[in-house]
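A closer look at the structure
Residue-level listing of the chains:
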Amino acid sequence: MDERTALRMLAMDLPGAGDDAAVVDGTVITTDMLHETTDFPAGTTRYTAGWRAVGASLSDVAAMGAQATAAVAVYASPEFDEADLRAFLSGARDVCTAVDAEYVGGDLDGHEEFTVATTAIGDADDPVLRSGATPGDAVCVTGTLGRSAAALRFFDEGDAERGNDLFQFTPRVDAGVRLRDHATAMMDSSDGLARSLHQLAEASDCGFDVAFDRVPVDPAVDEVTNDAADRRECALHFGEDFELVFTVPDDRVDTVQSALDVDVTRIGTVTDSETGVVADGDPLPDRGFTHASE
């Protein structure tokens, strides 16, 4: 079975699963695993790996509207190099500092390829779930999309400096906390905007009507492609951008845009479930990032 089928099977036995993080007595907790083969292209520094791996879990905390408090990581590698370890630790600490959290340690393990498993926790008495979207709500995103797709192109072209810079995203923890009093449903865009919309639609039993010309495409995408179809692919399906995808009542969009320190863009409207997920009037394929090597 593929990754999503496996997750659905496990969710049948784990009723508390299904959102970006689990919630236990006001504490949210999440864990992720990243591999060199699928997540760290050639040229990725250990500093970027530490930042990105820990940041991925902090993004899940953000998607629940929680204030991140701490993170840990398992660092596994065929061998341990002092410079690599120190660089990884610096990246992990710095991304935590960026969201007022603390990196508090982890574990080391030997492994056939560089692999990182991270866990982050946060506090939220009233977390935002994926299941509260209502027809008529606005669907919005923070920041821009396609940043990681562009980064991968730069890595492929040998511009590791540019690739590493784009890979070091800021988890939207502050935005998530500020959205907690407004958002009806929320998740992060790590699997891609299209897949995120399908996951929200499934959880909320709703549909979405979005317009691609409203989707905020990262300027870096235009540095790596001038093909319209490729640009759309980068923004909608590639994923790994770690922005927030959320719904809010229509009359709160302006309030939310004023309250957040990051750009918020309305890309469409929540519809009923019979409509499905459509972009520019056509069904939007449920396609996005998967943790599998070619």
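Here the structure is a predicted model, which is why all the values come from computation and not from measurement.

1. Re the nonpolar core
Core analysis: the largest hydrophobic core is formed by 45 residues, its most contacted members being Val-54, Leu-58, Phe-88, Leu-179, Leu-244, Phe-246 and Val-248. Tallying contributions element by element places helix H3 (residues 46–63) first for this core, with 8 residues. Among the domains, domain 1 (3–123) and domain 2 (138–283) are the pair contributing at least three residues each to this core. When sequence neighbours within four positions are dropped, the list of residues in contact with Leu-58 reads Ala-68, Val-95, Cys-96, Val-99, Ala-101, Ala-120, Pro-171 and Val-173.

2. Some thoughts on the pattern of salt bridges
Counting across every chain of the model gives 14 salt bridges. Between Glu-240 and Arg-52 there is a salt bridge, with its nearest N and O atoms 3.9 Å apart. You can see Glu-240 sitting in the loop between helix H10 (228–238) and strand E9 (244–248) and its partner Arg-52 sitting in helix H3, a full 188 residues away along the chain. Residue class for Arg-52 comes out buried when judged on its relative accessible area of 1%. For the salt bridge of Arg-287 with Glu-233, the shortest nitrogen-to-oxygen distance reads 2.6 Å.

3. A short note on the environment of Glu-102
With respect to the helices, strands and loops of the structure, Glu-102 is situated in strand E4 (residues 102–110). Between the C-alpha atoms of Glu-102 and Ile-121, which are 19 residues apart in sequence, the distance is 10 Å. Filtering out sequence-adjacent residues up to four positions away, Glu-102 remains in contact with Thr-69, Ala-70, Ala-71 and Cys-96.

Calculation notes
Residues numbered from 1 in each chain as written. Predicted model: local features only at pLDDT ≥ 70, side-chain atom pairs only at ≥ 80, totals over all residues. Heavy atoms only, no water. Core = buried A, V, L, I, M, F, W, Y, C linked by side-chain atoms within 4.5 Å. Buried < 20%, exposed > 50% of the residue type's maximum accessible area, 1.4 Å probe, protein only. Helix = DSSP H or I, 4+ residues; strand = E, 2+ residues; numbered from the N terminus. Domains from an automatic or database assignment. Contact = heavy atoms within 4.5 Å. Salt bridge = Lys/Arg side-chain N within 4 Å of Asp/Glu carboxyl O.

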